[in-house]
Amino acid sequence: MASLEVPQRQIRALHTDETVTVYQAYRPGIGLAAARDGRFPGSWKRDRMTWIKPSFLWMMYRCGWARKEGQEVVLAVEIRREGFDWALRNAVLSHYAPGVHPDRAAWQRELKHSSVRVQWDPERDVRLRPLPYRSLQLGLAGEAARRYADEWIVGIRDVTPLARAMAGSAESAASLMPAESPYPVPDGVRAGVSGTCTP
């Protein structure tokens, strides 16, 4: 099976030499304005943690194909790779992992001084069933959220029609899927964040 060839933790994304596409879902008041203007509106809170997801299908699982309340508009946010790499280099796992951190206190110190969180959640197939390998989420707060909103964004597209089209059948979903591929992890990324460890 192809899934057995995929590492348990691997960053996969739609990316070019210069950009990475991540996904978020918002209520129409924020999502439609962001897609129209290519930037988040004033109602988007820079002081709150915002989670970006390189996996389109994990975003679909999270927002229920753009049907969940408050997540009716799905955005494809194209950001600069240098920004994404900065986030990875400054990220800390959102949970304590004994095989990664010397002890819980060391992890808490890292967490306190980082504005980026990493979670690894089960990837999803086109029917949104969990797969045996995981997908990256990055939580951005403070400095990271400000950089994301004000410096990294290259473009924002409303991909809600794509989400609705893919929701119809597994065959249509497979044929319309964005072409995500393994992302080259930059140097200087903490263990666990890179996806190379097993905890």
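Residues numbered from 1 in each chain as written. Predicted model: local features only at pLDDT ≥ 70, side-chain atom pairs only at ≥ 80, totals over all residues. Heavy atoms only, no water.

J.: Pulling in residues and values, what's your account of the overall build of the chain?
T.: A tally of helices and strands in the chain yields seven helices and nine strands. Taken against the 2.2 N^0.38 rule, which gives 16 Å for 199 residues, the C-alpha radius of gyration of the chain at 16 Å falls within 12% of a compact globule. Considered along the principal axes of its C-alpha atoms, the chain spans approximately 45 × 45 × 35 Å. Across the 199 residues in the chain, those meeting the buried criterion constitute 50%. Accessible surface, the chain: about 9,800 Å² in total, of which carbon and sulfur atoms supply 48%. Across the chain, the mean location of the 28 positive side-chain charges is 6 Å away from that of the 22 negative side-chain charges. (Helix = DSSP H or I, 4+ residues; strand = E, 2+ residues; numbered from the N terminus. Rg over C-alpha atoms; globule rule 2.2 N^0.38 Å. Buried < 20%, exposed > 50% of the residue type's maximum accessible area, 1.4 Å probe, protein only. Areas by Shrake-Rupley, 256 points an atom, 1.4 Å probe, with all protein chains shown as cover. Lys, Arg positive; Asp, Glu negative; His and termini not counted. Charge placed at Lys NZ, Arg CZ, Asp CG, Glu CD.)

J.: Mind laying out the sheet that holds strand 1 (residues 12–15), listing which residues take part and the relevant values?
T.: What the five strands build is an open sheet, ordered 8-4-2-1-9; its pairing is antiparallel. Each of the sheet's edge strands pairs with one partner strand only, and the pair in question is strand 8 (153–158) and strand 9 (181–182). The pairing of strand 4 (residues 73–80) with strand 8 spans five bridges and is classified as antiparallel. Its bridge partner being in strand 8, Glu78 is matched across the sheet by Gly155. The sheet strands contacting helix 1 (residues 28–37) are strand 2 (19–26), strand 4 and strand 8, and the helix crosses strand 4 at an angle near 45°. Strands strand 2, strand 4 and strand 8 of the sheet are contacted by helix 5 (residues 142–152), whose axis makes an angle of about 80° with strand 4. (Pairing = 2+ DSSP bridges. Contact = heavy atoms within 4.5 Å. Axes fitted to C-alpha atoms, helices over the stretch in contact; angles between N-to-C directions.)

J.: Describe unusual backbone geometry, naming the residues involved and giving the relevant values.
T.: A negative phi angle is the norm for most residues apart from glycine, just as the trans form is the norm for most peptide bonds. In this structure, Ala66 is a non-glycine residue whose phi angle is positive, near 65°. Residue position: Ala66 is located in the loop between helix 2 (56–63) and strand 4. Although it is not a glycine, Leu128 adopts a positive phi angle of roughly 65°. Take Leu128: it is sitting in the loop between strand 6 (116–124) and strand 7 (130–140).

J.: Which residues make up the environment of Ala76, and what are the values?
T.: As for its placement among the helices and strands, Ala76 is situated in strand 4. Spatially, the C-alpha atom of Ala76 lies 19 Å from that of Arg46, the residues being 30 residues apart in sequence.

J.: Can you explain the pairing of strand 7? Please cite residues and give values.
T.: Pairing of strand 3 (residues 50–52) with strand 7, which is carried by three bridges, proceeds in the antiparallel orientation. Bridge pairing in strand 7 links Ile52 to Leu138. Two successive antiparallel strands, strand 6 and strand 7, enclose a turn made up of five residues, where Leu128 displays a positive phi of approximately 65°.

J.: Account for the nonpolar core, naming residues and giving values.
T.: Membership of the largest hydrophobic core comes to 38 residues, with the highest contact counts inside it found for Phe40, Ile79, Phe84, Leu88, Leu138, Leu140 and Tyr148. Sort the elements by how many residues they give to this core and helix 5 lands first, with five residues. Not counting chain neighbours up to four residues away, the residues in contact with Ile79 comprise Glu18, Thr19, Val20, Val22, Ile52, Phe84, Tyr148, Trp152, Ile153 and Val154. Formed by 16 residues, the second largest nonpolar core is a distinct cluster that contains Ala25, Met60, Met166 and Ala173. (Core = buried A, V, L, I, M, F, W, Y, C linked by side-chain atoms within 4.5 Å.)

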